[in-house]
Every structure is written in C-alpha cells, then in structure tokens.
Amino acid sequence: MGGEGGGVLADWLVDVAEHGAHLAQVTSVPGVAQRTGATVYYLELFAEEDARAAGRDPVLSLMPVPGDIDLVVASELMEAGRAIERGLVTPERTTLIASTHRVYAMTEKIAPEDGRVDAGRLTEACRLAARRFIGADMAALAEANGSVISASLFGAIAGAEVLPFGRAAFEAAVRRGGVGVKQSLAAFAAGYEAARDGVPVAAALPVGAIDAAGPFAAEIAGFAAPARDFVRLGVDRLIDYQDVAYARSYLDRLAPIADAERRHGDGSGRLVAETARELALAMAYEDTIRVAELKIRPDRFARVREEVRARDGQIVEIAEFLHPRVEEIADTLPAALGGWLKRTGWARRLVERLTRSGKVVKTTSVTGFLLLYAVASRKRFRRGTLRFAGEARSIEAWLATILRFAPVSYQLAAEVAEARTLLKGYGDTRQRGQERYDRLMALVPTLAGDPAGAAAFARLRKAALADEEGLALARALAELQQPAEPARTAAE
C-alpha cells in the first residue's frame, strides 16, 4: 500500500535477480484503496542461462495471470484477501506471504455497525487458497527494528526460499541500496526468521489484562473480567479527553450498573461490559475542541513527518480543511449563548454566511496553530458548553432506562445498553442515529413485558444499523406491529 515502500521492495528484488544472473521485469499498477492507495507490483524473472540456451530473449508479461503465479506478497491481511479474490493465489502453485496486521478499509470504517472483516476468517482463507501460507505481523517486526514493512517482507521472501537466491544475495541488495541499511537489515532478519520458523499469526492481548499504572487501577480490577478491559480503556480515554475528575465521574456512573449486574445478571457480564464501552464513547464525544486538540499535538506533527519521510531540515506544511456548521459552533459555546445562537434566525444566518465556504488552516504556521490552540484551550470550559449539557442529559436518561429494566429483563437491559451505538458521528449522521435511537427507546416499556422482548429489540437495533435510508428498520417495525394470526383448529 502507499507509503509502505512497495517500490523499494520491487527494486530490491530486481537488484537481487540481476546480480544473480537473471533477467527481470517489473511493472506497477497504482490503485485507490486504503490510505494513500494500493499499488500492485508484478515481477517476472528469467534465468539468463535459459535464455542463451533458447537462443532468444524471453517475452515477459506485464500483468499477472491467475493460476500461473509462484509468489504473492501482501502488506496487510485484507490485501491478501483481495489477491485471493482476484484468483492470483492458487493451492497448486502459489506461496502466499502476508502481514497479519489490519489497516481497516474504508468500507469497514464507514459501516453503521461494526463493519470489520473477521481476521480469523481471512487467515483461514489464506491457508486454504495457497499452496503454502506464511503469516506474521510484519509491520510489528519492522517497527520493533526501526524500519518499514518492506524490509521485513523482503526478509520473509528470502526465508520462504521460493526464489533461487540465497540469503546473502538479498542482504547484499539492501546494502547496495544505501539508505537505512542497518535498520533495514535488522527488519530483514526478523522477517527471514518469521518465514523460516513458521511464526503464527500474532494473537491479541489476553482479555482481562490490566495496566497496573493509573489512579484507578485497584478499582478497575474489581470489575468482572468481561468488562475490565473496557473500563480500563474508558478511564484512559477520558483522562486524555478531559481530566482525572471526568474519569472519576465515569466510574461513578458505572457503579450502579455493576451493582445491577451482580443482583440481576446471568453470569455473562454483558450488561456492565456493554455499558462500560458505550458510556466511555458517549462521554468522549467528538466536538470542535477535541478536533482542534488532536490536530496540534506534537506526536501528530512527528507522525506526519515520519509518514512523508521528511529529512532533518526539511519543511513540512500541514493544511486542515475545516467546515464547521452552526450547530457545531453553538455546541462549543456556553450553554446559554449556544442555545441563543440556535434559536435566533438572524444570528444563524450570519454565522452560516461567514462559514459557508469553509476555511483552510495551516497548523504548521504560527497563525494557524494559534487559532486551533485557542479552540483547544476551551477544553477546561467544556463542562459549561451546550453540547456537554445535552450529552449529559442523554446519558443519564439512557442509564436510568438500563437500571429501570435490568430487574425486569436482564437481556433487554443489555440490549438497551448496546443501543447507544446508534448515536455516533455528527451532522446528518448523528441526526439519523438520534431519530432511530429515540424510536427504539420508546418501545422499551412495551417490550419489557414480552418474554421475547429482548430478541425483538436486538432485531430492531440491527435493522437500525443496516442502512442509511432506514428501510430495514421500517420493515422491522412493521413486522413487530403486525398482529399475530390466531391459531387454527384441526376442524378448520
């Protein structure tokens, strides 16, 4: 993918081939996929000795042909899946090398629900599709050695022993490249050993792991295992988002839910886990203050310089394209002033006229940085803003509904906890989610008396997330309201 050194990796392979008495041809086809775009590099190698024996030069293809590929290398697991989908990986011939880390595709990110593709299924597809599958987190191996993923993938190619060249030939190509040689060779060695030793797919951190640091570590440890990681991450997120006192209020809000879990739970811990996750997200809502703060953080500037491979002394400019709406501006103001702005027609029209064309702010300039710094500095006043008051009322109403119905139907209360996921994003997306959330919450008292109420609410929640138009939810609501047909007797 873009920015991961695919061109460098292709050049290294050509260098190895040409110094190893082989003719080599490489073509590249740029595409638009994740991040800055995915490029397919295709290489064909032909032994010079065989060309001399045939008495003529070989004709090398410009594009891969399904069923005729010896080696496929993917810098991310979804890219491996795409190669399989195109028919480039076959069980009779192809060795597939893939980094098992994920860089989520745009379709995964914009899905209303959890749109992530199951990494386990992708990995199993790689095993089934290829003659031999080598999978390891090549990005982590490269990062641990101060290099980029192309170097660790190059090592894995050498370790796979598909190409007729020894390890020394590959390392010599890196040295001839002359850039970042020490780090590249270290990452190369890690990739080589991963391929030779058959390193398994990197496993996730064990559920229940607790960071011993932090002012609330002992309190977090008291939560049941299914919720503990959510609580820990929630506390960390809210300290970073606002302050320690805000994280304290998060735990205070969770305490009654944890008590309801102990008194009415079924042993799964689902109620407190779902509430802990959704509550942290609800309390750390994205506003203009948060956006400005994230854009001027030092680690962001460092990350951008690293991504564009800026050398010492090079100037890098970052331009932010901002287009705040009246609602977002009002939400950042003190509650009384923000409410006045939303209600007052001439004031709304004036702000809309001033912000209609948006604004380009260069955070690397003094004026641009100070402008965003001024917005971010309102963080200490966030508790007095219009948006904070509205979010607090919504959160308290949601928690009260959970606590009200937990003694009646534990599963329904857990579904209500998870329904908060409908409230995400901003603008039209947020408005659509709010409307659907309100419709579902209005049905909770009715469903509480039905033994199948929790299952019905779950179907509605999934339908509400199924499409932007709300067609699936409309159908699900119509089915729910349709009266059941009376049972017929045998005589009838």
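What counts, and at which threshold
Residues numbered from 1 in each chain as written. Predicted model: local features only at pLDDT ≥ 70, side-chain atom pairs only at ≥ 80, totals over all residues. Heavy atoms only, no water. Helix = DSSP H or I, 4+ residues; strand = E, 2+ residues; numbered from the N terminus. Buried < 20%, exposed > 50% of the residue type's maximum accessible area, 1.4 Å probe, protein only. Contact = heavy atoms within 4.5 Å. Areas by Shrake-Rupley, 256 points an atom, 1.4 Å probe, with all protein chains shown as cover. Patch = residues over 30% accessible without salt bridge, like charges linked within 9 Å, V, L, I, M, F, W, Y side chains within 5 Å. Salt bridge = Lys/Arg side-chain N within 4 Å of Asp/Glu carboxyl O. Phe/Tyr/Trp six-rings, centres within 6.5 Å; stacked < 30°, edge-to-face > 60°. Lys NZ or Arg CZ within 6 Å of the ring centre and 35° of its normal. Core = buried A, V, L, I, M, F, W, Y, C linked by side-chain atoms within 4.5 Å. Axes fitted to C-alpha atoms, helices over the stretch in contact; angles between N-to-C directions. Parallel < 35°, antiparallel > 145°, perpendicular 65-115°, else oblique. Left-handed = near helix turned anticlockwise from the far one by under 90°. Nonpolar A, V, L, I, M, F, W, Y, C, P; charged D, E, K, R; others polar. Arc of directions from axis to C-beta.

Draft legend 1. Representation of the overall build of the protein chain within the structure. A count of helical and extended segments in the protein chain gives 24 helices and seven strands. Projected onto the principal axes, the alpha-carbon positions of the protein chain cover approximately 85 × 80 × 50 Å. Counting every position in the protein chain, which comprises 492 residues, the buried fraction comes to 43%. For the protein chain, the share of sequence-separated contacts (at least 6 apart) that also reach a separation of at least 24 residues comes to 67%. Carbon together with sulfur atoms contributes 56% to the accessible area of the protein chain, which is approximately 26,400 Å² in total.

Draft legend 2. Focus on a nonpolar patch on the surface. On the surface, Leu337, Trp340, Trp346, Leu350 and Leu354 cluster together into a nonpolar patch covering about 550 Å² of accessible area. Every element with two or more residues in the nonpolar patch is listed here: α17 (335–343) and α18 (345–355). Top contributing element to the nonpolar patch by residue count: α18, with three residues. Relative to the helices and strands, Leu350 resides in helix α18.

Draft legend 3. Just the packing of aromatic side chains, in detail. Scanning all chains against the criterion turns up twelve aromatic pairs. Relative to Phe170, the ring of Phe165 lies with its centre 6.5 Å away and its plane at 70°, an arrangement referred to as edge-to-face. Note on accessibility: Phe165 and Phe170 belong to one class, buried. Of the aromatic side chains, those joined through ring pairs into one cluster are Trp12, Phe154, Phe165, Phe170, Phe188 and Tyr192. The aromatic ring of Tyr192 is capped on one face by Arg167, whose charged end is 4.3 Å from the ring centroid. If you follow Arg277 out to its NZ or CZ, it ends over the ring of Phe230, 5.9 Å from the centre.

Draft legend 4. Examining the nonpolar core more closely. Judged by nonpolar contacts, the single largest core of 60 residues is most densely connected at Val231, Tyr250, Leu271, Trp398 and Ile402. Look past the residues within four positions of Tyr250 in its chain and what remains in contact with it is Phe230, Val231, Gly234, Val235, Leu238, Ala276, Leu279, Ala280 and Met283. Core analysis: the next-biggest nonpolar cluster, separate from the first, contains 27 residues, Leu9, Ala151, Phe154 and Ile157 among them.

Draft legend 5. Layout of the environment of Leu350. The exposure class assigned to Leu350 is partly exposed, which follows from its relative accessible area of 37%. Taking the C-alpha atoms as reference points, Leu350 and Ser249, separated by 101 residues in sequence, lie 38 Å from one another.

Draft legend 6. Looking closely at the packing of helix α12 (residues 244–264) against helix α20 (residues 386–405). Relative orientation of the contacting elements α12 and α20 amounts to 15°, with a least axis distance of 10 Å. Between α12 and α20, the crossing angle belongs to the class labelled roughly parallel. Once α12 is placed against α20, the crossing between them reads as right-handed. Across from Tyr246, Arg253, Pro256, Ile257 and Ala260 in α12, the residues of α20 making contact are Phe388, Ala392, Ile395, Glu396, Leu399, Ile402 and Leu403. Looking at the contact of α12 with α20 residue by residue, the class counts come to ten nonpolar, no polar and two charged.

Draft legend 7. Inspection of helix α24 (residues 471–481) at higher detail. Among the residues of α24, those classed as buried are Ala472, Leu473, Ala476 and Leu477. Buried residues along α24 cover an arc of 130° about the axis, so they all sit on one side. For α24, the exposed residues lying more than 90 degrees away from the buried face are Leu471, Arg475, Glu479 and Gln481. In this fold, the buried residues of α24 make contact with α22 (427–448) and α23 (453–464).

Draft legend 8. Representation of the pattern of salt bridges. According to the stated counting rule, one finds 40 salt bridges in the structure shown. We note a salt bridge from Arg176 to Asp15, for which the minimum N-O separation is 2.5 Å. Here Arg176, found in helix α8 (residues 167–177), pairs with Asp15, found in helix α1 (residues 6–19); they are 161 residues apart in sequence, far enough to count as distant. Under the relative-accessibility criterion, Asp15 is labelled buried at 18%. For Glu161, the salt bridge identified is with Arg196, shortest N-O distance 3.5 Å. With Glu161 in the loop between α7 (149–160) and α8 and Arg196 in helix α9 (residues 181–197), this pair connects stretches of sequence that are 35 residues apart. Accessibility expressed as a relative area gives 54% for Glu161, which makes it exposed. Judged by its relative accessible area of 43%, Arg196 is partly exposed.

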